[in-house]
Amino acid sequence: MRHRHVRFALFILIGIAMLAIAGHKIVLAEYTLRHGAPYRVRLTGFDPQDPFRGHYLLFRMPDRAERADSGWAGRPGDRGFVTLSRSGDGFAVFAELRAAPPAAGDYLRVDRRYMSQEFTPPFDRYFVNERQARFAEDAMREAQTAGRCFLDFRVYNGFAAIEDIVIGDTPLRQLLKADAGK
Amino acid sequence: MAKKQHIAHDVLNEIPLLVECGILDAGSAERMRLHYAGQIDSAADVRGRLSWVLGVLSAFLIGGGAIMIVAHNWDDFSPSLRLAAAFLPLAAALAGGGYVLHSSRGPVWRDAAAVLISAFFAVAVAVVSQVYHSIGTLSDFLTWVLPPVVALVYVFGGLALATLYVVALAVYFAGASAGFFWPNLLLAAALVPYLLGYIRQKAGRFPAQWARLLLVVTAVMMMIRISIRIDSYSVAFFLWSVFLINLYLGGLVARRSSAFNLLMSVGGLGMLIFVAVFSFNGWAHELSGDWVYGDLGSKAVGVVALGVYGWNILFALMKRRPIHYWVALVLPGLALISVAVGMLSQRADWLIALLFNVYFTFGGLTMMVYGFRKGQLTPINMGMAVLALQMLLRFSEYWESFLTRGLVFIAIGVLFAAVNFWFVRHFRRKSKPEATS
């Protein structure tokens, strides 16, 4: 009987942990979107899909930075930190790739790649409704040709959250809403 | 099987009369009683097993359907509503799991509840990351999802969730980079005490052998992970280890089952492990044009699977050939054609997918029906494993919408549950008159 109670108590703890894990992700994303520092990068993209999470626009964002730790003896896939600043035209600059977070300024937590100055960016996809995937892809491709496709994101304490993809001057979310209303 | 059980019941009823008439002595009567009672237990065991299979499959299908409906990406709803919709199934599954635990339900319920809770937890985390586009890698996702799942394995017991956990571990290990070294090892090690305890508890029975296989797979994955840490080119070692597990499994099944079981199960489980490892990148695509020049993993899938089946065909030719042998001969033929076509043209993806759909569904159902008719547990389990693999593969289909696939998954899950319900009632009704006679 005591064994059964322990098992049930453990089950309740697991349930709380499950809800907390999913809830923690929401809180972190919401906090970053409200209080994080805003940045913008240029994008390229196309339209594949994820077997578990639906259609998305796959894109590329900058993935190189100068190495601040020349003596790094780690392996590809080790965690690293990339510092962030802004260029003169307002775009994000990934400045230094290092093994530890900087004492001051914004940074992102990333995985390091095979090339020592490369890292895996925090984002590579933007989910869209499968009915509108083709529309979003076409809009993105046209904007990319004109060099007018951007990603706005916010950064807080090494964590980044996407605000929106911007096509020209219009957020993609707004374009999709207008397209859905047609 | 039911007929055999009837005969066993009749003989058991006759034994006291035979002793009374002096036809049987007390010793012989006791031996007969033990023999026929064993047959009845075995039949009941098979029914319990099939019931378990159907219960877990329906939970898996309904969970998978929910994942795909979520993947449909409901833009019609606000993000907060979508988040609420992600949490509701999890909360409901947790409540149901709590009830199952509290009311001390049987293993079928416990396994189904554990699988369902895990599936809905994965759905909730996936929806949150989808809503915020904060995806990260599959390894990131599994790092968050797997710890509570392994804890559920201990709480609910059984092997259904443990088996799915090992499949997820295989994907985690194959996709994870150096940064996940310790999470990889710790999450694999977390399952080992459970499997050891289970093997000891069920010593000598089929579930213990299944648990032993899971233990071997887990241990080998851990060894490989450590070796990759030392040498990043040890992928070949990984593949050969999986091949050895395949052979080990063949030996395991051969010692206790018929040639047919060996024929179907070795290839089936070998494919399960291989495809679980490589499928998430769209293995059908890899088997197409890039197959010849592609990576080692894709080649290994084709070569090892065909090798195992070729060996099995030779084995089958030396034996009698009833219908299920012909089925087993047709299936590798389909595999050969699909791989050959895949090598010739990149546009053959649809044909490969179609052939393998037929291949897995036919094979899985044949195994289950065969096992059910013969009253053997092994083919039933293998059939379940192959059908479950079929379900996993369907996640990567492109040409139907997520909504359609999700609804079909849920409908099949409900159908499995209904069959299970019918199955349990049917045998309960049949066994009642026997029990009273």
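Residues numbered from 1 in each chain as written. Chains lettered and ligands numbered in written order. Predicted model: local features only at pLDDT ≥ 70, side-chain atom pairs only at ≥ 80, totals over all residues. Heavy atoms only, no water.

Colleague: I would appreciate a short explanation of the overall build of chain A in the present structure.
Modeller: Within chain A one finds three helices and 13 strands. Out of the 182 residues in chain A, the part that is buried amounts to 45%. In chain A, 65% of the contacts between residues at least 6 apart in sequence involve partners at least 24 apart. Total accessible area computed for chain A in this model is approximately 9400 Å², and 55% of it derives from carbon and sulfur atoms. (Helix = DSSP H or I, 4+ residues; strand = E, 2+ residues; numbered from the N terminus. Buried < 20%, exposed > 50% of the residue type's maximum accessible area, 1.4 Å probe, protein only. Contact = heavy atoms within 4.5 Å. Areas by Shrake-Rupley, 256 points an atom, 1.4 Å probe, with all protein chains shown as cover.)

Colleague: It is not clear to me how the sheet that holds strand S12 (residues 159-167) of chain A should be interpreted in this structure. Could you clarify?
Modeller: Working definition: the strands of a sheet are paired by backbone hydrogen bonds and lie parallel or antiparallel to each other. Residue and element names in this part refer to chain A. What the four strands build is an open sheet, ordered S1-S11-S12-S13; its pairing is antiparallel. Every interior strand has two partners, whereas the edge strands, strand S1 (37-42) and strand S13 (170-171), have only one. Alignment of S12 against S13, held across two bridges, turns out to be antiparallel. Bridge pairing in S13 links Val166 to Pro171. With respect to the sheet, helix H2 (residues 133-145) is in contact with strand S11 (149-156) and S12, its orientation differing from that of S12 by roughly 85°. (Pairing = 2+ DSSP bridges. Axes fitted to C-alpha atoms, helices over the stretch in contact; angles between N-to-C directions.)

Colleague: Would you take a moment to explain a nonpolar patch on the surface for this structure?
Modeller: Residues and elements named next belong to chain A. Together, Leu10, Ile12, Leu13 and Ile16 give the surface a local cluster of nonpolar side chains, amounting to about 370 Å² of exposed area. Assignment of secondary structure puts Ile12 in helix H1 (residues 2-35). The class of Ile12 is partly exposed, set by a relative accessible area of 42%. (Patch = residues over 30% accessible without salt bridge, like charges linked within 9 Å, V, L, I, M, F, W, Y side chains within 5 Å. Salt bridge = Lys/Arg side-chain N within 4 Å of Asp/Glu carboxyl O.)

Colleague: Any chance you could explain H2 of chain A here in plain terms?
Modeller: Spacing of three or four residues puts side chains on the same side of an α-helix, whose turn is 3.6 residues. All names here are of chain A. Here H2 spans 18 Å end to end across 13 residues, near enough to the 18 Å set by a 1.5 Å rise per residue. Residues Ala133, Ala136, Glu137, Ala139, Met140, Ala143 and Gln144 constitute the buried set of H2. In a view along the axis of H2, the buried residues occupy a sector of 165°, so they form one face of it. Opposite the packed face of H2, turned more than 90 degrees from it, sit the exposed residues Arg134, Glu142 and Thr145. (Expected span 1.5 Å × (residues − 1). Arc of directions from axis to C-beta.)

Colleague: Explain the packing of helix H3 (residues 79-102) of chain B against helix H4 (residues 107-132) of chain B here, please?
Modeller: When two helices pack together, their arrangement is given by the angle between the helix axes and by the axis-to-axis distance. All names here are of chain B. Where H3 contacts H4, the two axes come as close as 9 Å, and the packing angle between them is 165°. Classified by the angle between their axes, H3 and H4 sit roughly antiparallel to one another. Crossing angle aside, the handedness with which H3 passes H4 is left-handed. Among the residues making up the contact of H3 with H4, the classes are represented as 20 nonpolar, two polar and two charged. (Parallel < 35°, antiparallel > 145°, perpendicular 65-115°, else oblique. Left-handed = near helix turned anticlockwise from the far one by under 90°. Nonpolar A, V, L, I, M, F, W, Y, C, P; charged D, E, K, R; others polar.)

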